[in-house]
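# Fold and contact review
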Amino acid sequence: MNSSSPPEVLNGLLAQRHSCRAFLTDPVPREVQESLLQMAQRTASWCNSQPWQVHITEGAATKRLRDVLRTAPQPGESGSDFPWPREYRGVYLERRRECGFALYDSVGIVRGDREASARQAQENFRLFGAPHVAIITSDEALDVYGAIDCGAYVANFLLAATSLGVATIPQAALASRSQQLRRFFDLGDDRRVVCGISFGYADTAHPANGFRTSRATISAAAAWVSA
């Protein structure tokens, strides 16, 4: 039996992982979820603080949360626990547009069709049909460093899921409903919502899962200083 080296395994998982935007309704068995969480729990964190807490829905709870999220927030209720980016500019704006246009092209949305693009954006709050969503929170006292640690946790959650054949999509959009999530999960005032991760098994026949995003070259992201 051929055995891949650790770099080959990791590179394969990184290449295989993608944001799934259409799921089958089949639930992920609890033992598979627990294996996923056990792997993600090995994430490195600042001073080993491990600030993440994870609330996962399944069964009727997922439907109930989906119904909550598809209801417009009450006045003054919308907003994230963390500041949104001030703006996307330069290459960051280009990459954002590339991703958005690729999604729209895959599902047949004509550029400029704001109604259709708005409907697609609402899929975030339908959890793209996933049977589960994991809401990631951090301790408010840790501020940005807690969020950074949670970002590392999210990355490992995605790779662990991929290794188990589970599809995922990390969703900043869910953080915009932090007050709704706080009520639904009975979160304390000391918890800040970082993001959500919808997960399940991919609907591979859905056109929204038929595209992949590009990555910048190493020279665009890294530089060596030798003297």
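Residues numbered from 1 in each chain as written. Predicted model: local features only at pLDDT ≥ 70, side-chain atom pairs only at ≥ 80, totals over all residues. Heavy atoms only, no water.

### Some thoughts on the overall build of the chain
Counting secondary structure elements, the chain contains eight helices and four strands. Taken over the C-alpha atoms alone, the chain extends approximately 55 × 45 × 45 Å along its principal axes. The 227 residues of the chain split such that 36% are buried. Taken as a whole, the chain presents about 13600 Å² of accessible surface, with 53% of it coming from carbon and sulfur. (Helix = DSSP H or I, 4+ residues; strand = E, 2+ residues; numbered from the N terminus. Buried < 20%, exposed > 50% of the residue type's maximum accessible area, 1.4 Å probe, protein only. Areas by Shrake-Rupley, 256 points an atom, 1.4 Å probe, with all protein chains shown as cover.)

### Some details on the sheet that holds strand β4 (residues 191-200)
The four strands are arranged β1-β2-β4-β3 in an open sheet whose pairing can be described as antiparallel. In the strand order of this sheet, the two ends are held by β1 (53-56) and β3 (167-171), each with one partner. Between one strand and the next, the sheet's axes are offset by a mean angle of 25 degrees, whatever the strand orientation. Direction of pairing for strand β2 (residues 132-139) relative to β4: antiparallel, over a ladder of eight bridges. From the neighbouring strand, Asp139 faces β4, where its bridge partner is Arg191. Docked against the sheet, helix α7 (residues 178-185) engages β1, β2 and β4, running at close to 80 degrees with respect to β4. (Pairing = 2+ DSSP bridges. Axes fitted to C-alpha atoms, helices over the stretch in contact; angles between N-to-C directions. Contact = heavy atoms within 4.5 Å.)

### Thoughts on the environment of Phe23
For Phe23, the location among the structural elements is in the loop between α1 (6-16) and α2 (30-40). Separated by 19 residues in sequence, Phe23 and Arg42 have C-alpha atoms that sit 27 Å apart.

### Thoughts on the pattern of salt bridges
Applying the stated criterion to the full structure yields eight salt bridges. The partner of Asp67 in a salt bridge is Lys63, with the nearest N and O atoms 3.1 Å apart. In this pair, Asp67 and Lys63 are both assigned in helix α3 (residues 60-69), four residues apart and thus about one turn of the helix distant. Given the relative accessible area of 51%, Lys63 is considered exposed. A salt bridge links Arg119 to Glu115; the shortest N-O distance between them is 3.3 Å. With Arg119 and Glu115 both in helix α5 (residues 114-122) and four residues apart, the pair spans about one turn of that helix. (Salt bridge = Lys/Arg side-chain N within 4 Å of Asp/Glu carboxyl O.)

### Some words on the packing of α1 against helix α6 (residues 143-163)
One can describe the packing of α1 onto α6 by two numbers: an axis separation of 9 Å at closest approach and a directional angle of 100 degrees. Our classification of the angle between α1 and α6 gives roughly perpendicular. Residues Leu10, Leu13, Leu14 and Gln16 of α1 pack against Leu159, Thr162 and Ser163 of α6. Looking at the contact of α1 with α6 residue by residue, the class counts come to four nonpolar, three polar and no charged. (Parallel < 35°, antiparallel > 145°, perpendicular 65-115°, else oblique. Nonpolar A, V, L, I, M, F, W, Y, C, P; charged D, E, K, R; others polar.)

### Some points on the packing of α2 against α6
Following both chains from N to C, one finds α2 and α6 inclined at 140 degrees, their axes separated by 8 Å at the closest point. As summarised for this structure, α2 and α6 are arranged oblique, according to the angle between their axes. Considering the relative orientation of α2 and α6, their crossing is right-handed. Together, Leu36, Leu37, Met39 and Ala40 of α2 and Tyr153, Asn156, Phe157, Ala160, Ala161 and Ser163 of α6 make up the contact between the two elements. Of the residues assigned to the contact of α2 with α6, the class counts are eight nonpolar, two polar and no charged. (Left-handed = near helix turned anticlockwise from the far one by under 90°.)

### Some details on a nonpolar patch on the surface
Together, Trp46, Val144, Tyr145 and Ile148 give the surface a local cluster of nonpolar side chains, amounting to about 440 Å² of exposed area. In this fold, Trp46 is placed in the loop between α2 and β1. For Trp46, a relative accessible area of 52% puts it in the exposed group. (Patch = residues over 30% accessible without salt bridge, like charges linked within 9 Å, V, L, I, M, F, W, Y side chains within 5 Å.)

### Quick word on the packing of aromatic side chains
Applying the stated criterion across every chain yields a total of five aromatic pairs. Their ring planes at 45 degrees and their centres at 4.7 Å tell us that Trp46 and Tyr145 sit as a pair that is tilted. Of the two residues, Trp46 is situated in the loop between α2 and β1 and Tyr145 in helix α6; the sequence distance between them amounts to 99 residues. On the basis of relative accessible area, Tyr145 is assigned to the partly exposed category, the value being 45%. Looking at Arg177, its charged tip hangs above the ring of Phe125, at a distance of 4.1 Å from the centre. Geometry around Phe82 places Arg192 over its ring, the cationic atom sitting 5.4 Å from the centre. (Phe/Tyr/Trp six-rings, centres within 6.5 Å; stacked < 30°, edge-to-face > 60°. Lys NZ or Arg CZ within 6 Å of the ring centre and 35° of its normal.)

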